[in-house]
Amino acid sequence: MSAFLPHEIFEEIFENLQDDKTTLHSCILVNRSWCITAIPILWRRPFKLLNKPSVKLVQTYIANVFDQLENRVIFTKYIKDLSRPFFKYPIFLKDLRTKTLTQSIKDWVNGMEFHFENELEEGILFDFNKIQLVCHLYSLLIKDFTSVQNIIHCSLEHFPSLRGQHIKFPHECPKFLRSLQIEIKYDNHILSYLSRTNCNTLEEIWIGPLNSGVHLDSLSQLIRIQNFLKDFRLYGPRCEWLGVPIEIISALSSQYQTLHTIRFSECNFSFYNLFDYLRICQNLKNLEFHNCDFPEDQATSWCNVTFPNLEILSFVGVVYLDVEKVTTIVKNSQRNLSKVFLPCMTPQEDLTMFKEILMNCKNVTCFAFWANIDAELDAAFRALESFNRLECLSIDSEDGLILNSNQLSQLGKVLAPTLRHLEICVDTSAESFEQFLINLTADLESLTLSWCPNISDDHIKVIIGYAQRNSKLKYVALDNDRSTNLSDVIINEAFQVIPHFRIESIDSCEVIRAWFDDSIYMLNNYGQYLDDIIDLGNCGRTF
């Protein structure tokens, strides 16, 4: 490489450039040694970098497996000559997105020139050969991706023309596989394959959102055979609960030595001993239930539930979980808690339990709760004075409780200067709302009004004024139920001052989920993906 620097130094330099595609591509053109070192880094995660199907990308991979195609005359007679690549690109791949791979193969096959002797042959063979070729190429490429560490998998059920086609997985699973994410549709086929091949290297298993009525037998088995499972997430269908069998929970408890994250979304637990199994997982840091349903009468064994390392406890969208049970978990796990989302809990006349929860949450950075009576708000406001590290706060209500002018004023007096993100429901005059923002010692970065029934142009003017004083405010979201009350002129003015101003139907739970994932619930079109063809190869190997 150089007479002055050892090879290892250049490897370290290129590793630090792994996200700089332009510089890495320039490096591969310097000399042979640089090229050999930089190419594997450049081709680790092309599917993620492009985030869209690419004919050029898949053609490069197909050229690498062309020798395996030559024995299949039925396929190769339709394929034009492919130039042989200088590198074995498939072995460099670390992050695989099977949906993008499948669509790329389909696009490449559809762009080929097929020649048929007559119309009858075309009518019979055209679809057959293309579909069979797509599946065959998919099977070959999957087999050659031997170094894959992360798979984001989409079932072929997402592609109607490929339904029922047989995919041949390799006899051995990737030796370095660490993360499996199945999205869009549930695919029991790949779970059965991984279980059958004794794939025990997974550290992450993320499944869903699932269709209703799916069977989770293979999932339980896959969980049990893991040696280092750390992060498990299961997502049911939107607006519908997925029944979670006790076998899933039992399998998770077998991973108690390594498991640190459990998240269930849109799930139903019909059994009473959920925490009897999970309590053994003493290394848990994140325990999250999003829009989940629990039995009305939980077992008393909750009293002994302790997660000493717990940092995140979330009951997003969980309605009327008994307050005593929640208090038990918070109290016994409060040492490291940093993010807490309380469920809408069974009301207690004296609020003793609710106050105890608040007392044990004073060191959190992210806090969200549902208040259905004024007494709960009063208790919360008194407690928030001691929340000196608070960065995110959400106040919502199942019964439509909305902050009035007096309550908003009281809230403004207790919020810590560390606060960055605020989500509330308000019904107050523009003058009171302006006074609230003026009195804030915090510089908000995001403001979400999930319900503001009497919002007007004057309210928006107040927010614009605050944004002009506070340059950190980048994101404002308003519920669209009253958007007809707002003039186009004032909305356009808000767009000019606030980088991400939106009026839409707001799901408070989605806002909180984003906070818990250390992100902000931003505009749908925020963050542009790569639309241009990116040169990630060498000697004509471009995407």
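Residues numbered from 1 in each chain as written. Predicted model: local features only at pLDDT ≥ 70, side-chain atom pairs only at ≥ 80, totals over all residues. Heavy atoms only, no water.

The protein appears in an unreviewed UniProt entry as F-box domain-containing protein from Glomus cerebriforme.

Further remarks concern the overall build of the protein. When you go through the protein residue by residue, the secondary structure sums to 21 helices and 19 strands. Split into buried and exposed, the 543 residues of the protein put 53% on the buried side. Total accessible area computed for the protein in this model is approximately 25000 Å², and 47% of it derives from carbon and sulfur atoms. (Helix = DSSP H or I, 4+ residues; strand = E, 2+ residues; numbered from the N terminus. Buried < 20%, exposed > 50% of the residue type's maximum accessible area, 1.4 Å probe, protein only. Areas by Shrake-Rupley, 256 points an atom, 1.4 Å probe, with all protein chains shown as cover.)

Another aspect to go through is the pairing of strand β5 (residues 231-235). For a regular strand, side chains alternate in direction, first toward one face of the sheet and then toward the other. Of all 5 residues making up β5, 5 are buried, and the element is well covered by its neighbours. By the alternation rule, side chains of β5 split into D231, R233 and Y235 and F232 and L234, which are all buried. Pairing between strand β4 (residues 204-207) and β5: 4 bridges, direction parallel. Across the sheet, residue I207 finds its bridge partner in β5, namely L234. (Pairing = 2+ DSSP bridges.)

Here we take up the environment of R502. You can see R502 is positioned in strand β19 (residues 500-504). Looking at R502, the relative accessible area reads 5%, which means it is buried. For the pair R502 and V476, spaced 26 residues apart in sequence, the C-alpha to C-alpha distance is 6.4 Å.

Turning next to the state of the cysteines. In total, this model carries 0 disulfides according to the counting rule given. In this structure C425 is not part of a disulfide, and its nearest cysteine sulfur, from C452, lies 9.1 Å away. (Disulfide = S-S within 2.5 Å.)

With that out of the way, let us pick up a nonpolar patch on the surface. A cluster of nonpolar side chains, L5, I9 and I13, forms an exposed patch at the surface whose accessible area comes to about 230 Å². Relative to the helices and strands, I13 resides in helix α1 (residues 7-15). Residue classification places I13 among the partly exposed positions, given a relative accessible area of 39%. (Patch = residues over 30% accessible without salt bridge, like charges linked within 9 Å, V, L, I, M, F, W, Y side chains within 5 Å. Salt bridge = Lys/Arg side-chain N within 4 Å of Asp/Glu carboxyl O.)

With that settled, the discussion passes to the environment of C509. Summarising the element assignment, C509 is placed in helix α21 (residues 508-516). Residue classification places C509 among the buried positions, given a relative accessible area of 9%. For the pair C509 and V316, spaced 193 residues apart in sequence, the C-alpha separation works out to 5.9 Å. With sequence-adjacent residues up to four places away left out, C509 is seen in contact with N291, V316 and G317. (Contact = heavy atoms within 4.5 Å.)

So, on to helix α3 (residues 32-42). Every buried residue of α3 is listed here: C35, T37, A38, I39, I41 and L42. Those residues of α3 that are buried are in contact with α1 and α2 (21-27). Where α3 begins, one side-chain oxygen reaches toward the backbone nitrogen of S33, 3.1 Å away; that side chain belongs to N31. (Polar contact = N/O pair within 3.5 Å; in protein donor to acceptor, adjacent residues only side chain to side chain.)

Applying the stated rule across the entire model yields 11 salt bridges. In this structure, D276 engages R279 in a salt bridge whose closest nitrogen and oxygen atoms are separated by 3.5 Å. Overall, D276 belongs to the partly exposed group, its relative accessible area being 33%. Note on R279: relative accessible area 28%, which makes it partly exposed. E510 is paired through a salt bridge with R513; the nearest N and O atoms lie 3.6 Å apart. One end of the pair, E510, and the other, R513, are both in helix α21, 3 residues apart, so they sit about a helical turn from each other. Assessed through its relative accessible area of 19%, E510 is described here as buried. Taking relative accessible area as the criterion, R513 reaches 7% and is therefore assigned buried.

With that settled, consider the packing of helix α19 (residues 457-469) against helix α20 (residues 488-497). The N-to-C vectors of α19 and α20 enclose an angle of 15°; their axes lie 10 Å apart at closest approach. The angle between α19 and α20 places the two elements in the roughly parallel class. The hand of the α19/α20 crossing is left-handed. Listed contacts from α20 to D457, I460, K461, I464, A467 and Q468 of α19 are I490, E493, A494 and V497. Per-class residue counts for the contact of α19 with α20 are 6 nonpolar, 1 polar and 3 charged. (Axes fitted to C-alpha atoms, helices over the stretch in contact; angles between N-to-C directions. Parallel < 35°, antiparallel > 145°, perpendicular 65-115°, else oblique. Left-handed = near helix turned anticlockwise from the far one by under 90°. Nonpolar A, V, L, I, M, F, W, Y, C, P; charged D, E, K, R; others polar.)

Further remarks concern the environment of Q181. Of note, Q181 is situated in strand β3 (residues 179-183). Distance in space between the C-alpha atoms of Q181 and W206 is 4.6 Å, their sequence separation being 25 residues. If near-sequence neighbours (up to four positions away) are discounted, Q181 is found in contact with I151, I152, H153, E204 and W206.

In this section: the packing of aromatic side chains. Each pair of aromatic rings is reported with the distance of its centres and the angle of its planes. Here the structure, examined in full by the defined rule, presents 22 aromatic pairs. Three or more aromatic residues joined by ring pairs make a cluster, and in this case those are F232, F264, F269, F271, F275, F289, F294 and F315. (Phe/Tyr/Trp six-rings, centres within 6.5 Å; stacked < 30°, edge-to-face > 60°.)

In this structure, the amide linkage connecting G208 to the following residue, P209, adopts the cis form with an omega of 5°. Looking at the secondary structure, you find P209 in the loop between β4 and α11 (217-224). For N198, which is not a glycine, the phi torsion comes out positive at approximately 55°. As for its placement among the helices and strands, N198 is situated in the loop between α10 (188-196) and β4. Accessibility expressed as a relative area gives 53% for N198, which makes it exposed. Its identity is not glycine, yet E266 carries a phi of approximately 55°, on the positive side. In this structure, E266 sits in the loop between β7 (261-265) and β8 (267-268). According to the relative accessible area criterion, E266 is buried, its value standing at 5%.

Taking burial as the measure, the 5 residues of strand β14 (residues 366-370) include 5 buried ones, the bulk of the element. Residues C366, A368 and W370 line one face of β14 and the alternating positions F367 and F369 line the opposite face, and both faces are buried. As paired strands, strand β12 (residues 339-341) and β14 are joined by 3 bridges and run parallel to one another. When the bridges of β14 are listed, K339 appears paired with C366. Note: β14 against strand β15 (residues 392-396), 5 bridges, orientation parallel. In the strand pairing of β15, C366 is matched with C392. Tracing the backbone out of β14, into helix α16 (residues 374-384) and back to the parallel element β15 gives a crossover that is right-handed. (Right-handed = clockwise from strand over helix to strand, strands pointing away.)

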